[in-house]
Amino acid sequence: LFLLLLTMKYHLQILKKYLSVAADAEDIAQNLILKTCEIEEVQERIIPKTIVIGKIISVTKHPDADKLNICQVNCGDQGTFQIICGGTNVAEGLFVATALVGTPFPEAGITIAKRAMRGVDSEGMICSKGELGIDEDKDTHWIWDLAQDLEVSDEDIGLALSDKFPWLESTLLEVDSKSLTNRPDLT
């Protein structure tokens, strides 16, 4: 069975390393459409400043839910928060991406708010890669153990994730590869 790849994704930040282009993503996409190839979509990943590096300091089972845990998460100067989490890999000592109250998730149509989950207050959300729009390794969409992929330490607790790791914010150009099939030199 032959599988035809119909689209390719290019990171704008990587393209800008090799090309001196000052234009924004939409302008680049329009120029490519007019001169070279079809751009299916421009995807931007923006990580709000209210998503900070936290460290889980304790984990206990939720008294009224088999699949939920009550986590105490140290977010440095932001404070320590009680967060209810369904991730199966949460553990004491884990560095995690923590969405504080007020963090918007437009794709899901929600804003993080303090609320009770089965009678226990939750003051934020511990994020997976998928919730942050990081889909490069879809097979690992558990709670993101930051130390597995990034260099983090206790000194980073409370810092905005996007300030510590600005390269996590990205723009992808999804190119229709049918237009490149006869022009491999364009890739």
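First, a word on scope: everything that follows refers to the structure included in this document. (Residues numbered from 1 in each chain as written. Predicted model: local features only at pLDDT ≥ 70, side-chain atom pairs only at ≥ 80, totals over all residues. Heavy atoms only, no water.)

**Overview of the overall build of the protein**
Next, step 1: Summing up its helical and strand segments, the protein has four helices and 12 strands in all.
Next, step 2: Here the protein holds 187 residues, and 38% of them are scored as buried.
Next, step 3: Look at the contacts in the protein between residues 6 or more apart in sequence, and 60% of them connect residues 24 or more apart. (Helix = DSSP H or I, 4+ residues; strand = E, 2+ residues; numbered from the N terminus. Buried < 20%, exposed > 50% of the residue type's maximum accessible area, 1.4 Å probe, protein only. Contact = heavy atoms within 4.5 Å.)

**A closer look at the sheet that holds strand E5 (residues 80-85)**
In sheet architecture, strand pairing relies on hydrogen bonds along the backbone and comes in two forms, parallel and antiparallel.
Next, step 1: Taking strand neighbours across the sheet as the criterion, the five strands line up as E5-E4-E3-E6-E11 in an open arrangement whose pairing is antiparallel. Both outer strands of the open sheet, E5 and strand E11 (125-126), are each paired with one neighbouring strand and no more.
Next, step 2: In this structure, strand E4 (residues 69-74) lies alongside E5, joined through six bridges in antiparallel fashion. Bridge assignment links Cys71 to a residue of E5, and that residue is Ile83. (Pairing = 2+ DSSP bridges.)

**Some remarks on unusual backbone geometry**
Next, step 1: Phi is positive for Arg118, which is not a glycine, with a value near 55°.
Next, step 2: With respect to the element layout, Arg118 can be found in the loop between strand E9 (115-117) and strand E10 (120-122).
Next, step 3: Owing to a relative accessible area of 56%, Arg118 belongs among the exposed residues under this scheme.

**Looking at a nonpolar patch on the surface**
Next, step 1: The grouping of Ile14, Tyr18, Leu19 and Val21 at the surface amounts to a nonpolar patch, some 420 Å² of accessible area in total.
Next, step 2: Examined against the element boundaries, Val21 turns out to sit in the loop between helix H1 (12-18) and helix H2 (25-35).
Next, step 3: Relative accessible area serves as the criterion here: at 32%, Val21 is assigned to the partly exposed category. (Patch = residues over 30% accessible without salt bridge, like charges linked within 9 Å, V, L, I, M, F, W, Y side chains within 5 Å. Areas by Shrake-Rupley, 256 points an atom, 1.4 Å probe, with all protein chains shown as cover. Salt bridge = Lys/Arg side-chain N within 4 Å of Asp/Glu carboxyl O.)

**A closer look at the side chain of Thr171**
Next, step 1: Structurally, the position occupied by Thr171 is in strand E12 (residues 170-176).
Next, step 2: Classification of Thr171 as buried rests on a relative accessible area of 8%.
Next, step 3: Beyond its immediate chain neighbours, meaning those up to four positions away, Thr171 contacts Tyr10, His11, Leu12, Gln13, Ala25, Val42, Gln43 and Glu44.

**Some remarks on the pairing of strand E6 (residues 95-99)**
Next, step 1: Of all five residues in E6, five are buried, a share of seventy percent or more.
Next, step 2: Both faces of E6 are covered, namely the face carrying Phe95, Ala97 and Ala99 and the face carrying Val96 and Thr98.
Next, step 3: As judged from the five bridges shared by strand E3 (residues 51-61) and E6, these two strands associate in the antiparallel manner. Bridging across to E6, Ile51 finds its partner in Ala99.
Next, step 4: The pairing of E6 with E11 spans two bridges and is classified as antiparallel. Bridge assignment links Thr98 to a residue of E11, and that residue is Ile126.

**Details of the environment of Ser170**
Next, step 1: Counting through the fold element by element, Ser170 comes out in strand E12.
Next, step 2: The spacing of Ser170 and Gly133 is 37 residues in sequence and 9.9 Å in space, taken between C-alpha atoms.
Next, step 3: Among all residues touching Ser170, those that are not within four sequence positions of it are His11, Gln13, Gln43, Glu44 and Arg45.

**Details of H2**
Next, step 1: For H2, the complete set of buried residues consists of Ala25, Ile28 and Ala29. The arc enclosing the buried residues of H2, seen along the axis, measures out at 100°, which places them on a common side. What points out from H2, more than 90 degrees from its buried face, is the exposed set Leu34 and Lys35.
Next, step 2: Summarising the contacts, the buried residues of H2 are in contact with H1, strand E2 (39-45) and E12. (Arc of directions from axis to C-beta.)

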